[in-house]
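# Summary of structural features
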Amino acid sequence: MVYVREDVQQLLGMMAAVGGPQMNEVDPETARAMYVQMGSIGERPVPEGVTLADIEIPGPAGPLKGRTYRPANAAADGTTIVFYHGGGWVIGDLETHNSLVAEIAKLTGFNAVAVDYRLAPEAPWPAAVDDALAAARWVATEPAALGFKVSRLIFCGDSAGGNLSAIAARAIRTEFPVAAQWLIYPGVDMTNAEGSMQDYAEGYLLTAAGMAWFGAHYAADVTHPHASPILSDDWDKLPPALVFTCGLDPLRDQGRAYAGKLIATGNRVIFREAAGQVHGSAQLRQAIPSAQADLEGQAADLKALLA
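Computed from a predicted model, the values in this text were never measured in an experiment. (Residues numbered from 1 in each chain as written. Predicted model: local features only at pLDDT ≥ 70, side-chain atom pairs only at ≥ 80, totals over all residues. Heavy atoms only, no water.)

## So, the overall build of the protein chain
For the protein chain, the count of helices and strands is 10 helices and eight strands. In terms of overall size, the protein chain behaves like a compact globule, its C-alpha atoms giving a radius of gyration of 18 Å where 307 residues would be expected to give roughly 19 Å. Seen through its principal axes, the protein chain has C-alpha atoms that stretch 50 × 45 × 40 Å. Counting every position in the protein chain, which comprises 307 residues, the buried fraction comes to 56%. (Helix = DSSP H or I, 4+ residues; strand = E, 2+ residues; numbered from the N terminus. Rg over C-alpha atoms; globule rule 2.2 N^0.38 Å. Buried < 20%, exposed > 50% of the residue type's maximum accessible area, 1.4 Å probe, protein only.)

Written out as structure tokens, the structure is:
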């Protein structure tokens, strides 16, 4: 018997009743519009007490859009979150994750910078990685352009953004102080096809077919550590990690495995799993109220990780 939270079951039932094509059955542009529509229905409003400003970030192939989030209670020590949005490297942007990043800034009390990296298939792998790393280095070295102090970075992202966060945390840690990596149901093993990828292949928002569709468009070398960071050979003294997984997520097992690998190689980890919860829930906190408590729990975990 699979445990499904009551509010999750209500959303899944509603979506099943509405019907319509899946994202992997349409073209990327249509899928992007579907993603925006889902967020407009399921996400909470942007919280009060956070000041937003659009910025431009120099990228390796041209300027990238970015957005800063400054909570009223921003920490004075310069700890700054760099956020990469999810969406399988194909969909998603600053708007689809606007409320989530603002909520993260408010809950943690840290300034945040969201990065709008290039998407596939227009810009396949490793464009997203190149943009993520370039943006991180710019945030670390150009605080005047941001309007606030930057002393150390926290890399944070959901799904594909968790993938980019894990990659950035590993790559940047020798160049700038990295306080933590906060990986929200991350995709860290593009070779994974068993376990939860089969157990929750369909019926729980993200599907195995959807992951295959994302992967085909992203066109990555799936065994490269800049595509599957769990396959990296470099595990020495990585930044402390908060890894969050969902019980009904096809990506659950690879998130568990990544946390386990971090622990086994001597790194500090807080692991949290939300039983009965689905992938993408962090952006559906209006439709899935329990996801707000999941996020608040993660923010408390982050503070414990940094303490």
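Next comes the rest of the account.
## Details of the side chain of Gln 283
As for its position among the elements, Gln 283 is in the loop between β8 (269-274) and α10 (290-306). With near-sequence residues (within four places) excluded, Gln 283 lies in contact with Tyr 35, Gly 42, Glu 43, Thr 96, His 97, Leu 100, Asp 158 and Tyr 185. (Contact = heavy atoms within 4.5 Å.)

## Some words on the sheet that holds strand β4 (residues 111-116)
Judged by pairing direction, the sheet is mixed, and its eight strands sit side by side in the order β1-β2-β4-β3-β5-β6-β7-β8 without closing on themselves. Strand pairing shows two members of the sheet lacking a second neighbour, β1 (50-57) and β8, which therefore form its edges. Averaged over all neighbouring strand pairs, the angle between strand axes comes to 15 degrees, with direction disregarded. As defined by bridge partners, strand β3 (residues 79-84) adjoins β4 across five bridges and the pair is classed as parallel. Paired with Phe 83 across the strands is Ala 114, a residue of β4. (Pairing = 2+ DSSP bridges. Axes fitted to C-alpha atoms, helices over the stretch in contact; angles between N-to-C directions.)

## Considerations on the nonpolar core
Ile 57, Tyr 84, Leu 146, Phe 155, Leu 164 and Tyr 218 are the most contacted members of the largest nonpolar core, which has 49 residues in total. Looking at this core element by element, the count peaks at nine residues for helix α4 (residues 127-141). Once residues lying within four places of it in the same chain are set aside, the contact partners of Leu 164 are Tyr 84, Trp 89, Tyr 117, Ala 128, Val 129 and Ala 132. (Core = buried A, V, L, I, M, F, W, Y, C linked by side-chain atoms within 4.5 Å.)

## Details of the pairing of β1
Note: β1 against strand β2 (residues 64-71), eight bridges, orientation antiparallel. Residue Leu 52 lies in a different strand from β2, and its bridge partner there is Tyr 69. Between the antiparallel neighbours β1 and β2 lie six residues, among them Gly 62 with a positive phi of about 130 degrees.

## Description of the environment of Ile 55
Looking at the element boundaries, Ile 55 is found in strand β1. Sequence separation of Ile 55 and Gly 92 is 37 residues, and the distance between their C-alpha atoms is 18 Å. Each residue touching Ile 55, except ones within four places of it in the same chain, is listed here: Leu 64, Lys 65, Gly 66, Arg 67, Thr 68, Val 113, Trp 138 and Leu 146.

## A word on the pattern of salt bridges
Pairs may arise between side chains of opposite charge once their charged atoms sit close together. Counting across every chain of the model gives 15 salt bridges. Linking Arg 152 and Asp 77 is a salt bridge whose minimum nitrogen-to-oxygen distance equals 3.7 Å. Taken together, the positions of Arg 152 in strand β5 (residues 152-158) and Asp 77 in the loop between β2 and β3 put the pair 75 residues apart, joining distant regions of the chain. For Arg 152, a relative accessible area of 26% translates into the label partly exposed. (Salt bridge = Lys/Arg side-chain N within 4 Å of Asp/Glu carboxyl O.)

## Notes on the packing of aromatic side chains
A full pass over the atoms with the stated rule returns six aromatic pairs. Taken together, a centroid distance of 5.3 Å and an interplanar angle of 55 degrees make the contact between Trp 235 and Tyr 258 tilted. Note that Trp 235 is positioned in the loop between α8 (208-218) and β7 (241-246) and Tyr 258 in helix α9 (residues 252-264), a separation of 23 residues in sequence. The residues Trp 235 and Tyr 258 share a single accessibility class, namely buried. Between the NZ or CZ atom of Arg 170 and the centre of the ring of Trp 235, over which it lies, the distance is 4.6 Å. (Phe/Tyr/Trp six-rings, centres within 6.5 Å; stacked < 30°, edge-to-face > 60°. Lys NZ or Arg CZ within 6 Å of the ring centre and 35° of its normal.)

## Observations concerning α4
Between its first and last C-alpha, α4 extends 21 Å over 15 residues, near the 21 Å set by a 1.5 Å rise per residue. Counting buried residues along α4, 11 of its 15 residues qualify, which places the element largely inside the surrounding structure. When we look at burial in α4, the residues that qualify are Ala 127, Ala 128, Val 129, Asp 131, Ala 132, Leu 133, Ala 135, Ala 136, Trp 138, Val 139 and Ala 140. (Expected span 1.5 Å × (residues − 1).)

## Points about the packing of α4 against helix α6 (residues 160-172)
The contact between α4 and α6 brings their axes to 10 Å, and the two run at 55 degrees. Classed by the angle they form, the pair α4 and α6 counts as oblique. Considering only the axes of α4 and α6, their crossing is right-handed. Where α4 approaches α6, its residues Ala 128, Val 129, Ala 132, Leu 133, Ala 136 and Arg 137 are matched on the opposing element by Leu 164, Ile 167, Ala 168, Ala 171 and Ile 172. When the residues that make up the contact of α4 with α6 are grouped by side-chain class, the tally is 10 nonpolar, no polar and one charged. (Parallel < 35°, antiparallel > 145°, perpendicular 65-115°, else oblique. Left-handed = near helix turned anticlockwise from the far one by under 90°. Nonpolar A, V, L, I, M, F, W, Y, C, P; charged D, E, K, R; others polar.)

It is worth stressing that arrangement in space is one thing and function is another; only the former is reported here.
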